[in-house]
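Structural features, examined
Residue-level listing of the chains:
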Amino acid sequence: MQVGCLGSIAFQVSDKVIKTLREVSWSGSASIATHSVHLDNSLQEFVGVEPDSIDFKMQVSKFLGADPMKDIETLFSYERSGTPVSLTIGTKSYGKYKWLIKKHKVAMEYHDKQGNLIQADITVSLTEYTKG
């Protein structure tokens, strides 16, 4: 059963594959401008909102039916080309439009005897991409 996706990377749970998100955090902030006033207190002005961000981890393992290198290459492709992607978890689509992969970190956990990656913990940081 598919439980979500980031672009073409499917998060799923079945008797053949387990690939889910963990430690998901979603944050946002206001954009505040500060105007200096000569010999007086500075004035703050709300000027809008900053793009939201989402961070999460996922474990990708051949032991659990997934292909770590395939997902890593897909993430690299999205990040390096600046491709905006949709994020869905459960039935909820997150963000106003799409997301850009801002950064990633791959902890390569296990390799087979030929040196092929068989399990990795991947940390992904997304920033909201809105239509202008």
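So, here is what we can say about the structure in this document. These numbers were taken from a predicted model, which means no experiment stands behind them. (Residues numbered from 1 in each chain as written. Predicted model: local features only at pLDDT ≥ 70, side-chain atom pairs only at ≥ 80, totals over all residues. Heavy atoms only, no water.)

**Quick word on the overall build of the chain**
Looking only at helices and strands, the chain features one helix and 10 strands. Going from N to C terminus, the chain has its helices and strands arranged as β-β-β-β-β-β-β-α-β-β-β. Taking the principal axes of its C-alpha atoms as reference, the chain extends roughly 70 × 30 × 25 Å. Out of the 132 residues in the chain, the part that is buried amounts to 30%. Partitioning the contacts of the chain with sequence separation of at least 6, the portion at a separation of at least 24 is 58%. Surface accessibility of the chain: about 8,400 Å² in total, with carbon and sulfur atoms responsible for 52%. Of the side-chain charges in the chain, 15 are positive and 15 negative, and the distance between the mean point of each set is 6 Å. (Helix = DSSP H or I, 4+ residues; strand = E, 2+ residues; numbered from the N terminus. Buried < 20%, exposed > 50% of the residue type's maximum accessible area, 1.4 Å probe, protein only. Contact = heavy atoms within 4.5 Å. Areas by Shrake-Rupley, 256 points an atom, 1.4 Å probe, with all protein chains shown as cover. Lys, Arg positive; Asp, Glu negative; His and termini not counted. Charge placed at Lys NZ, Arg CZ, Asp CG, Glu CD.)

**Concerning the pattern of salt bridges**
Applying the stated criterion to the full structure yields four salt bridges. Put simply, Lys19 and Asp71 hold a salt bridge, and the shortest N to O gap is 2.7 Å. Separated by 52 residues along the polypeptide, Lys19 in strand β3 (residues 18-19) and Asp71 in helix α1 (residues 68-81) bring together distant segments of the chain. Grouping residues by exposure puts Lys19 and Asp71 together as buried. A salt bridge links Asp121 to Arg22; the shortest N-O distance between them is 3.5 Å. In this pair, Asp121 sits in strand β10 (residues 117-129) while Arg22 sits in strand β4 (residues 21-27), placing the two residues 99 residues apart along the sequence. You can call Arg22 partly exposed: its relative accessible area is 34%. (Salt bridge = Lys/Arg side-chain N within 4 Å of Asp/Glu carboxyl O.)

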